[in-house]
Amino acid sequence: MVNVTPKLLKSKTIDFAVCKQKYLLKKNQGKIICFVEGKYDSDYYLDKFRNHLGDGFEIIVCSNKKNILKAYSEFYDSDHKKVKMGFFTDNDFDEDLNNPLIFVTDRYSIENYYCSISALNNILLYGLKIQNNSEVNDVIAYYQVCANKFHQIVAEFNSFYSIIKMKQRQNNVTYKICLENHFPSKFAEIDVDNCIKKYNLVSLLAEYSLPSSLISQEEVDNEIRQLMEKNPFNSFRGKYELEFTIKFITKIKNEANQKIPSSKVKQKISATINNVCFMSDYAQYADIAEGLIDYLQKIKVGL
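So, how was this worked out
- Every chain is numbered independently, its residues counted from 1 as its sequence is written.
- Where local features are concerned, this predicted model is filtered to residues with pLDDT of at least 70; where side-chain atom pairs are given and counted, the filter is 80 or more; whole-chain, interface and lining totals use all residues.
- The basis for every side-chain value is the complete set of heavy atoms in the structure, and neither hydrogens nor water enter the calculation.
- Numbering of helices and strands runs from the N terminus, with a helix taken as a DSSP run of H or I at least four residues long and a strand as a DSSP run of E at least two residues long.
- Radius of gyration: over C-alpha atoms. The globule rule applied is 2.2 Å multiplied by the number of residues raised to the 0.38 power.
- Only protein chains enter the accessibility calculation, which uses a 1.4 Å probe; a residue whose area is less than 20% of its type maximum is buried, one above 50% is exposed, and one in between is partly exposed.
- Should any heavy atoms of two residues lie within 4.5 Å, those residues are counted as being in contact.
- Calculation of accessible area relied on Shrake-Rupley with a 1.4 Å probe; when residues are assessed, cover is drawn exclusively from the protein chains displayed.
- By the counting rule applied here, Lys and Arg register as positive and Asp and Glu as negative, while His and the ends of each chain are not counted.
- Note on charges: their place is set at NZ of Lys, CZ of Arg, CG of Asp or CD of Glu.
- Count a disulfide wherever a pair of cysteine sulfur atoms falls within 2.5 Å.
- Throughout this description, the term salt bridge denotes a Lys or Arg side-chain nitrogen within 4 Å of a carboxyl oxygen of Asp or Glu.
- If DSSP finds at least two bridges between two strands, the strands pair.
- By convention a crossover is right-handed if, when the strands point away from the viewer, the path from the first strand over the helix to the second runs clockwise.
- The angle between axes fitted to the seven-residue stretch ending at a residue and the seven-residue stretch beginning at it gives the bend at that residue.
- Space inside and on the surface of the protein is sampled on a 1 Å grid over the protein atoms alone, with a cavity defined as a set of points where a 1.4 Å probe fits but cannot get out and a pocket as an open set with protein on both sides within 12 Å along at least 5 of 7 lines; lining residues have an atom within 4 Å of a point.
- Grid points are joined across faces, edges and corners, and a volume is the space filled by probe spheres set on the points.
- Three classes are used, and their members are as follows: Ala, Val, Leu, Ile, Met, Phe, Trp, Tyr, Cys and Pro are nonpolar, Asp, Glu, Lys and Arg are charged, and the others, Gly among them, are polar.

S.K.: How would you sum up the overall build of the protein chain? Please name residues and give values.
M.R.: Looking only at helices and strands, the protein chain has twelve helices and six strands in total. Taking 303 residues into account, the globule formula puts the C-alpha radius of gyration at 19 Å, and the protein chain, at 21 Å, falls close to it. Going through the 303 residues of the protein chain one by one, you find that 50% of them count as buried. Considering only intrachain contacts with a sequence separation of at least 6, the fraction spanning at least 24 residues in the protein chain is 71%. Total accessible area on the protein chain stands at roughly 15500 Å², and carbon and sulfur atoms take up 48% of it. The distance from the centre of the 40 positive side-chain charges to the centre of the 37 negative ones in the protein chain is 6 Å.

S.K.: Explain the state of the cysteines to me, and be specific about the residues and the numbers.
M.R.: This model, assessed by the stated rule, comprises zero disulfides. Left unpaired, Cys277 is separated from the closest cysteine sulfur, that of Cys115, by 17 Å. Looking at Cys277, the relative accessible area reads 33%, which means it is partly exposed.

S.K.: If you had to explain the pattern of salt bridges to someone new, which residues and values would you point to?
M.R.: When charged atoms on two side chains of opposite charge get close, those side chains can pair. One pass over the structure, following the stated rule, counts 15 salt bridges. In this structure, the salt-bridge partner of Lys165 is Asp94, at a minimum N-O distance of 2.9 Å. With Lys165 in helix α6 (residues 133-171) and Asp94 in the loop between β3 (85-89) and β4 (102-104), this pair connects stretches of sequence that are 71 residues apart. With a closest N to O distance of 2.9 Å, Lys186 and Glu207 form a salt bridge. Of this pair, Lys186 sits in the loop between α6 and β5 (188-190) while Glu207 sits in helix α7 (residues 201-207), placing them 21 residues apart in sequence. When salt bridges that share partners are traced, they join Lys65, Asp92, Asp94 and Lys165 into one network.

S.K.: Lay out the pairing of strand β1 (residues 32-36) with the relevant residues and their values.
M.R.: Where burial is concerned, most of β1 is hidden: five out of the five residues are buried. Alternating positions in β1 separate into two faces, Ile32, Cys34 and Val36 on one and Ile33 and Phe35 on the other, with burial throughout. Both β1 and strand β2 (residues 57-61) contribute to a ladder of five bridges, which runs parallel. Counterpart to Ile32 in the pairing with β2 is Phe57. In terms of handedness, the path from β1 via helix α3 (residues 39-53) over to β2 forms a crossover that is right-handed. Judged from the four bridges that link them, β1 and β3 form a sheet pairing that is parallel. Looking at β3, one finds that Phe35 is bridged to Phe87.

S.K.: Tell me about α3, and name the residues and values.
M.R.: Along α3, the sharpest kink reaches roughly 45 degrees, centred on Tyr45. Buried residues in α3 make contact with β1, β2, β3, β4 and α12 (292-301).

S.K.: Can you explain the layout of surface pockets? Please cite residues and give values.
M.R.: Size it by volume and the second largest pocket reaches roughly 350 Å³. Together, 18 residues line the second largest pocket, and Asn91, Asp92, Phe93, Leu227 and Lys230 are the ones closest to its centre. Breaking the lining of the second largest pocket down by element, the ones donating at least two residues are α6, α8 (217-229) and α9 (232-235). Among the elements that make up the lining of the second largest pocket, the one with the highest residue count is α6 (four residues). Split into classes, the residues belonging to the lining of the second largest pocket amount to five nonpolar, five polar and eight charged.

See below:
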């Protein structure tokens, strides 16, 4: 059995054996076991779990979707009659699991729930405590304009990545595309007011050493239309969406505090905006995932 050390728990990728050992240590304590993908996912879920499950739950971070599905496969059938448990995973650009026992976000990922117009409205009013409703409305209108420009720049990349995931499933192959938390600077310059695109389908295929015939421009254009119809705040990769949203909120705060004449907000903003802590600091203002409350009620009595 793996020895769970602090160093191992802090590592970026957690082997399933670690998840399994944590489960075995917790399963007989009479708590609801909640398996989530990443450590920042627990920032979003924590207050929802408390509100609907009480204090009798334990979160196990599994590091990735593969480990969530393995946890379900290995623990549910054998233990669900004596251990209450729930499984929480992101939609991403993956195939629908069609399993009501596993909760899947209705948006690309957890990060997307912080980036919508309604979430931003909550953050401005209650997080940043902007008191003037007219200023809040002005900021939201400005956000819509800036976000639209941003989405135009990153749309082709999102489409490309979505198609790659689909072709992996269709062809039963794996293409080596490792995405970072930040939109690659080689592909675009991302600023709140000014986004400049520096890539196209040809350069993306070359960057990831993929055959030029793998994806057509028509496929990319069709997928862009479908993703845009679903609302890019929801359908585009969440980490990139959140990165942009945090940049935008930071700009609003800085301009207000520096008393820049063109600032949309005229009051001082004392709220802290930290990239690392943002998801925990502002979780209460994020949107509630569709179906989440119903799922929590079900695991409370046992799936």
